[in-house]
Amino acid sequence: AQSVTQLGSHVSVSEGALVLLRCNYSSSVPPYLFWYVQYPNQGLQLLLKYTTGATLVKGINGFEAEFKKSETSFHLTKPSAHMSDAAEYFCAVSDTSGTYKYIFGTGTRLKVLA
Amino acid sequence: DVKVTQSSRYLVKRTGEKVFLECVQDMDHENMFWYRQDPGLGLRLIYFSYDVKMKEKGDIPEGYSVSREKKERFSLILESASTNQTSMYLCASSTSGTGAGELFFGEGSRLTVL
């Protein structure tokens, strides 16, 4: 069965510092991979996704993620944190066989310090 | 823009009451989902539907049922609410049948069962 592991339920960074949120997945075949963001009292919105092709994926708000098959990872990065990046971030996978199931990680809450 | 609307943002119900959570999407998506979000557990799939009148159990269907009589509307029903169903409920929709599609989320319905 597929699973997603997000290391660190809470991450704090200073404004202007690098943001690195970690995501590892387990799957017998490379799945589709997603990062979603949830701002307080809102639903989730897509930051970026990897399906096929280039393994470095750029998303909204300056975020990017790299799919590394050998490490089964899909870590999310942003070179310079902004106060508005404070939110909860979820990594998710879906399998490629069309079963409609998306598996979410437990989330990482990002705090940005002034 | 795709819009997924959940009818109630906040609900307070008593144990044993029947609860209806309504979700409507306006972009003609085939797939609709109900997730439950709890701190430290991420999002867990309750039910999903890939067509009108079609439904499939997710990972935690016990105590819940769903209805999809029209393509745009997907309802989650708690037949007899219990305190352990106090949670945030998120509805989502997507258009792809391959698992590569983005999930579009509503803003969530926070249910408290007393």
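Before any of the text, the structure's been laid out above.
Engineer: Describe the overall build of chain B, listing the residues and the values that go with them.
Structural biologist: Scanning chain B from terminus to terminus reveals 0 helices and 11 strands. What you see for chain B is a C-alpha radius of gyration of 13 Å, in line with the 13 Å of a compact globule of 114 residues. Projected onto its principal axes, the C-alpha coordinates of chain B cover approximately 40 × 30 × 25 Å. Residues counted as buried form 49% of the 114 residues belonging to chain B. Taking all contacts inside chain B whose residues are at least 6 apart in sequence as the whole, residues at least 24 apart take part in 56%. Distance between charge centroids for chain B: 6 Å, based on 15 positive and 16 negative side chains.

Engineer: Talk me through the interface of chain A and chain B; I want residue IDs and the actual numbers.
Structural biologist: Between chain A and chain B, the contact holds 25 residues from the first and 26 residues from the second. Of the roughly 2,000 Å² buried between chain A and chain B, counting both surfaces, carbon and sulfur atoms make up 55%. Counting every contact that joins chain A to chain B gives 4 residue pairs in polar contact (both at pLDDT 80 or more). Of all the secondary-structure elements, those providing two or more residues to the side of chain A that touches chain B are strand 5 (32-38), strand 6 (44-50), strand 10 (87-94) and strand 11 (102-104) of chain A. If one sorts the elements of the side of chain A that touches chain B by residue count, strand 5 of chain A sits on top with 4 residues. Broken down by class, the residue content of the side of chain A that touches chain B amounts to 10 nonpolar, 11 polar and 4 charged.

Engineer: I'd love a proper account of the pairing of strand 11 (residues 109-113) of chain B, names of residues and values included.
Structural biologist: Residues and elements named next belong to chain B. Residues of strand 11 alternate between two faces, with S109, L111 and V113 buried on one and R110 and T112 left unburied on the opposite face. Inspection of the sheet shows strand 9 (residues 87-94) paired to strand 11 by 3 bridges, in the antiparallel sense. Within strand 11, the position partnered with S87 by the bridge is L111.

Engineer: Quick rundown of the sheet that holds strand 1 (residues 4-6) of chain B? Include the residues and the values.
Structural biologist: All names here are of chain B. The 4 strands lie next to each other as 1-3-8-7, forming an open sheet whose pairing is antiparallel. Both edges of this open sheet fall to strand 1 and strand 7 (65-70), since each of them pairs with a single strand only. Averaged over neighbouring strand pairs, the angle between their axes works out to 20 degrees when direction is ignored. When strand 1 meets strand 3 (residues 19-25), the two strands line up antiparallel, connected through 3 bridges. Opposite T5, over in strand 3, you have V24 as the bridge partner.

Engineer: Can you explain the pattern of salt bridges? Please cite residues and give values.
Structural biologist: Opposite charge on two side chains allows them to pair when their charged atoms are near. Tallying each qualifying case throughout the model produces 10 salt bridges over all chains. A salt bridge links D85 of chain A to K78 of chain A, with the nearest nitrogen and oxygen atoms 2.9 Å apart. With respect to burial, D85 of chain A and K78 of chain A carry one shared label: buried. Salt bridges linked by common partners bring R36, D38 and R44 of chain B together as one network.

Engineer: Requested: an account of the nonpolar core, with residues and values cited.
Structural biologist: Residues and elements named next belong to chain A. By size, the foremost hydrophobic cluster in this structure holds 28 residues, and its most contacted members are W35, L47, L48, F74, L76 and Y89. Elements with a contribution of two residues or more to this core: strand 2 (10-14), strand 3 (19-21), strand 5, strand 6, strand 8 (64-68), strand 9 (73-78), strand 10 and strand 12 (108-113). Per-element tally for this core: the top contributor is strand 10, with 4 residues. When near neighbours in sequence (up to four residues on either side) are disregarded, L48 contacts L33, F34, W35, V57, K58, G59, F63, E64, A65, F74 and L76.

What counts as what
- The residue numbering used here restarts from 1 in each chain and proceeds along that chain's sequence as written.
- Here chains are named by letter from A upward and ligands by number from 1 upward, in the order in which they appear as written.
- Owing to the predicted nature of the model, reporting of local features is limited to residues with pLDDT of at least 70; listing and counting of side-chain atom pairs is limited to 80 or more, with chain, interface and lining totals taken over all residues.
- Each side-chain value is worked out from all heavy atoms of the structure, with water and hydrogens disregarded.
- The secondary structure listing takes helices from DSSP runs of H or I that are at least 4 residues long and strands from runs of E that are at least 2 residues long, numbered from the N terminus.
- Within these notes, the globule rule equals 2.2 Å times the number of residues to the 0.38 power, and the radius of gyration is based on C-alpha atoms.
- Remark: exposure states derive from per-residue accessible area (1.4 Å probe, protein chains only) relative to the maximum for the residue type, with buried under 20%, exposed over 50%, and partly exposed in between.
- Residue contacts are defined here by distance: any two heavy atoms, one from each residue, within 4.5 Å place the two residues in contact.
- Positive charges are assigned to Lys and Arg, negative charges to Asp and Glu, while His and the chain termini are left out of the count.
- The location of each charge is read from NZ of Lys, CZ of Arg, CG of Asp or CD of Glu.
- In this description, buried area is defined as the sum, over both parts, of the accessible area (probe of 1.4 Å) that is lost when the two are combined.
- Distance and chemistry together define a polar contact, namely a pair of N or O atoms within 3.5 Å, with one atom able to donate a hydrogen and the other to accept it when in protein, and with adjacent residues in sequence counting only for side-chain atoms on both sides.
- When residues are grouped by polarity, Ala, Val, Leu, Ile, Met, Phe, Trp, Tyr, Cys and Pro land in nonpolar, Asp, Glu, Lys and Arg in charged, and all others, Gly among them, in polar.
- Two strands pair under a simple rule: DSSP has to find at least two bridges between them.
- Here, axes are lines fitted to C-alpha atoms. For helices the fit covers the stretch in contact, and angles between N-to-C directions go from 0 to 180 degrees.
- Think of a salt bridge as a Lys or Arg side-chain nitrogen and an Asp or Glu carboxyl oxygen that are within 4 Å of each other.
- To qualify as a nonpolar core, a set must consist of buried Ala, Val, Leu, Ile, Met, Phe, Trp, Tyr and Cys residues joined through side-chain atoms within 4.5 Å.

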